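# Working through the structure, step by step
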Amino acid sequence: MERQRELDMTGKVAIITGASRGIGKQTALALARRGVKVVLAARTVDKHAKLAGTLGETLAEIERLGSSGVAVQTDLASEDDLAKLVDAAVEQFGGVDLLINNAAATAGDFWSDRFLELSRKDWLYQFDVNLHAPFTLMQLVTPIMESRGGGRILNVTTGCGEVFRLPEEPAKMEKVGDFSLAVPGYYASKRALDRLANVLVPELTPKGIAVIGMMPGLVATEIVELRVKEEGLDDTQAVPMGVPARVLAYFAACEDPMEYSGRLFWAERELNDFGLELDDQPAPTA
């Protein structure tokens, strides 16, 4: 694949879940720099006891960049909240051009539960947030995007054989440092999201909607920093948050997203292969 031209995004409208911190926040800022109006979603709006970042702080930074945004408190496990989120985008900015399904259930006690210890309740909650919420949001935004001439859905996912361009699924790592990766609900629900995106392509392509998956890899987010301190996570290979944010901005702005639709990508590899510059340098636009 060759790097595509990036189009002017001024005036486009994006919904980003999990936007109070981490990859979601940095992606919101990357889009705001490109003139996108951003609808920010997260479950809590108050300060976390251990993690920095709130929806209000993200919104304030977007406004300092000269762009527009709105913060919408959203429990992704609530169907009513998902509908309110999309309604807010339409009421505030007139529609939706871009949906970034970034949020995931990553902070529960289930991260330390092995398969035989995992409760059905925790298993289902991970599917509610990681799979069912994107499914519902994709359903809600599709007719809106179609009415605007098309759109893009970007799903933040995790590692699998397809992401790594391997013919077979690799064996799952048991841990990184002392931090356990035995989280079957997370990986199973994310893989289901990948397959869902892939099978939606024949239906969404005629509507002008591309759906693209991106694995960020191990990223130096606030929650990773916390797990380094408290749970022995080895972050020596972690990449800056600007890496996945820049690649998501590329997929949001590239001239022909259908080339990538239904496929999975790895942020660090694609950043290097496409020769993308991080946002400390001006991004090229058409």
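Whatever comes next refers back to the structure up there.
Before going into details, it helps to say that this report is about the structure given with it. Fair warning: this is a prediction, and the values are worked out from it, not measured in the lab. (Residues numbered from 1 in each chain as written. Predicted model: local features only at pLDDT ≥ 70, side-chain atom pairs only at ≥ 80, totals over all residues. Heavy atoms only, no water.)

In this section: the packing of aromatic side chains. Following the criterion strictly, the structure yields ten aromatic pairs and no others. A centroid spacing of 5.5 Å and a plane angle of 90° characterise the contact between tyrosine 260 and phenylalanine 265, whose relative ring orientation is edge-to-face. Among the residues examined, tyrosine 260 registers a relative accessible area of 0% and is labelled buried. Each residue in the set Tyr250, Phe251, Tyr260, Phe265 and Phe274 is aromatic and connected to the rest through ring pairs, giving one cluster. (Phe/Tyr/Trp six-rings, centres within 6.5 Å; stacked < 30°, edge-to-face > 60°. Buried < 20%, exposed > 50% of the residue type's maximum accessible area, 1.4 Å probe, protein only.)

For the rest of this paragraph, the subject is the pattern of salt bridges. With the rule as written, the count across this model stands at 16 salt bridges. Between arginine 3 and glutamate 277 there is a salt bridge, with its nearest N and O atoms 3.3 Å apart. Of the two residues, arginine 3 sits in the segment before β1 (13-17) while glutamate 277 sits in the segment after α8 (267-274), which places them 274 residues apart along the sequence. The exposure class of arginine 3 is partly exposed, given its relative accessible area of 29%. The partner of arginine 34 in a salt bridge is aspartate 279, and the shortest N-O contact between them spans 2.9 Å. Residue arginine 34 is found in the loop between α1 (22-33) and β2 (37-42), and its partner aspartate 279 is found in the segment after α8; the two are separated by 245 residues along the sequence. Linked through salt bridges whose partners overlap, the residues forming this network are Arg3, Glu6, Arg33, Arg34, Arg246, Glu277 and Asp279. (Salt bridge = Lys/Arg side-chain N within 4 Å of Asp/Glu carboxyl O. Helix = DSSP H or I, 4+ residues; strand = E, 2+ residues; numbered from the N terminus.)

Time to look at the packing of α1 against helix α2 (residues 55-64). Close contact between α1 and α2 brings their axes to 9 Å; oriented N to C, the two are set at 20°. By the angle between their axes, α1 is roughly parallel relative to α2. Considering only the axes of α1 and α2, their crossing is right-handed. Counted together, Lys25, Ala28, Leu29 and Ala32 of α1 and Thr58, Glu61 and Ile62 of α2 form the full contact between these two elements. Residue composition of the contact of α1 with α2, grouped by class: four nonpolar, one polar and two charged. (Axes fitted to C-alpha atoms, helices over the stretch in contact; angles between N-to-C directions. Parallel < 35°, antiparallel > 145°, perpendicular 65-115°, else oblique. Left-handed = near helix turned anticlockwise from the far one by under 90°. Contact = heavy atoms within 4.5 Å. Nonpolar A, V, L, I, M, F, W, Y, C, P; charged D, E, K, R; others polar.)

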